[in-house]
Amino acid sequence: MTKPIFLLDEILIIIVLYKQSLTECESFKSIQLAIGQSSDATLYVYDNSPKPDVIPDLNSMKIKYHHNPSNPGVSKAYNEGLKVAVELNKKWLLLADQDTEFPSSLFFDYSHAIQHHPQVTIFVPYVNDSVGLLSPFRLIWGKGSRLKALDIPLQSFRNYKTINSGMLISVATFERAGGYDERFPLDYSDISFSDRLAVYDSSFVLIPSTCYHHFSATSNITDILSEIERFKSFCKAVTLYKKTSNQFVSRIWVILARALKLSFQFKTFSFIKIGLKHTFPIR
């Protein structure tokens, strides 16, 4: 089967790393398989890890690597990737985190969708996790709500949101939307960006590919200290989104729902205490 060389040459693939080697991350390994032996692909690796990675020299793709131990998050990484794409005169950006496993059909499905929807500039796959369909999803009172199915390819960001990983977006649309809001380093970065796209270019096409995402909220997490810090960051993101978005956001619904789930998981009231502090802040 012939690889879609013309499309690969037009794409800058962006992978964001954190405390993981490039050669060990699911997104890189699966993208390598999807690309095959083509030498036209270009990968931009933005590494937020404390220590730099050793990047392999590959014939299958060109790799540009940037290390930032200050860990500014995925929003900064994707915005920096845009700058590289403009420098390289790329037409498309493929956004990926380190935990998404892409199918071998990915680039064929992108190519097919672009040919059949030439007026659309954003294409996304279905993304599953261990529970079921993770993306696209609805946003209800500021909280992501899962869908059972979504069968019509042409959709709108006014109705649905998508996670970052797996989105193929034109460089022009990314620029027109103003890129990512870097005040959201991780949590709500995708929701905030979907809101921006809803204003400037609301349509997206779902391609047939289904990806698998090792989502932290549904993974088997045992480190309570790191999860407490992660939850604090989540609470700050919810509060910021409530302040900056024109969407109705219920912090009680969003924060305390997660606090209860984590408190039950770790058998501690720490998450509830943190959630109450952020839900009912002392003025």
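Our structure's up above, just so we're on the same page.
Residues numbered from 1 in each chain as written. Predicted model: local features only at pLDDT ≥ 70, side-chain atom pairs only at ≥ 80, totals over all residues. Heavy atoms only, no water.

Let's talk about the layout of surface pockets
Space left empty within the atom packing is revealed by a probe, the size of a water molecule, rolled over the atoms.
Part 1: There is about 330 Å³ of room inside the second largest pocket.
Part 2: As for the second largest pocket, its lining consists of 20 residues, and the residues nearest its centre are Asp195, Tyr241, Ser245, Asn246 and Gln247.
Part 3: With five residues, the top contributor of residues to the lining of the second largest pocket is helix α6 (residues 189-200).
Part 4: For the lining of the second largest pocket, the per-class residue count stands at seven nonpolar, six polar and seven charged. (1 Å grid on protein atoms, 1.4 Å probe; cavity = no way out; pocket = protein on both sides within 12 Å on 5 of 7 lines; lining within 4 Å. Points joined across faces, edges and corners; volume = space filled by probe spheres on them. Helix = DSSP H or I, 4+ residues; strand = E, 2+ residues; numbered from the N terminus. Nonpolar A, V, L, I, M, F, W, Y, C, P; charged D, E, K, R; others polar.)

Concerning the packing of aromatic side chains
Each aromatic ring pair is specified by the distance between its two centres and by the angle formed by the two planes.
Part 1: All chains considered together, the criterion is met by 16 aromatic pairs.
Part 2: With centroids separated by 5.1 Å and ring planes inclined at 40 degrees, the aromatic side chains of tyrosine 188 and tyrosine 241 adopt a geometry described as tilted. Taken as a pair, tyrosine 188 in the loop between α5 (171-176) and α6 and tyrosine 241 in helix α7 (residues 224-244) lie far apart in primary sequence, 53 residues in all.
Part 3: Tyrosine 188 sits in the buried class, given a relative accessible area of 7%. (Phe/Tyr/Trp six-rings, centres within 6.5 Å; stacked < 30°, edge-to-face > 60°. Buried < 20%, exposed > 50% of the residue type's maximum accessible area, 1.4 Å probe, protein only.)

Some remarks on the nonpolar core
Part 1: Membership of the largest hydrophobic core comes to 56 residues, with the highest contact counts inside it found for Ile13, Ile15, Phe107, Tyr110, Phe123, Tyr188 and Phe231.
Part 2: By residue number, the principal contributor to this core is α7, which donates eight residues.
Part 3: Apart from the residues lying within four places of it in its own chain, the contact partners of isoleucine 13 are Ile31, Ile35, Thr42, Leu43, Tyr44, Leu94 and Phe107.
Part 4: Listed in part, the 32 residues of the second largest apolar core include Val16, Tyr46, Val124 and Phe204. (Core = buried A, V, L, I, M, F, W, Y, C linked by side-chain atoms within 4.5 Å. Contact = heavy atoms within 4.5 Å.)

Overview of the packing of α7 against helix α8 (residues 251-266)
Part 1: One way to put it is that α7 packs onto α8 with a least axis distance of 10 Å and a crossing angle of 170 degrees. As the angle between them shows, α7 and α8 are arranged roughly antiparallel. Facing Ile224, Glu227, Phe231, Phe234, Cys235, Val238, Thr239 and Lys242 of α7, the residues of α8 in contact are Arg251, Val254, Ile255, Arg258, Ala259, Leu262 and Phe266.
Part 2: Grouping the constituent residues of the contact of α7 with α8 by class yields 10 nonpolar, one polar and four charged. (Axes fitted to C-alpha atoms, helices over the stretch in contact; angles between N-to-C directions. Parallel < 35°, antiparallel > 145°, perpendicular 65-115°, else oblique.)

Everything listed here is a matter of geometry and, on its own, says nothing about what the molecule does.
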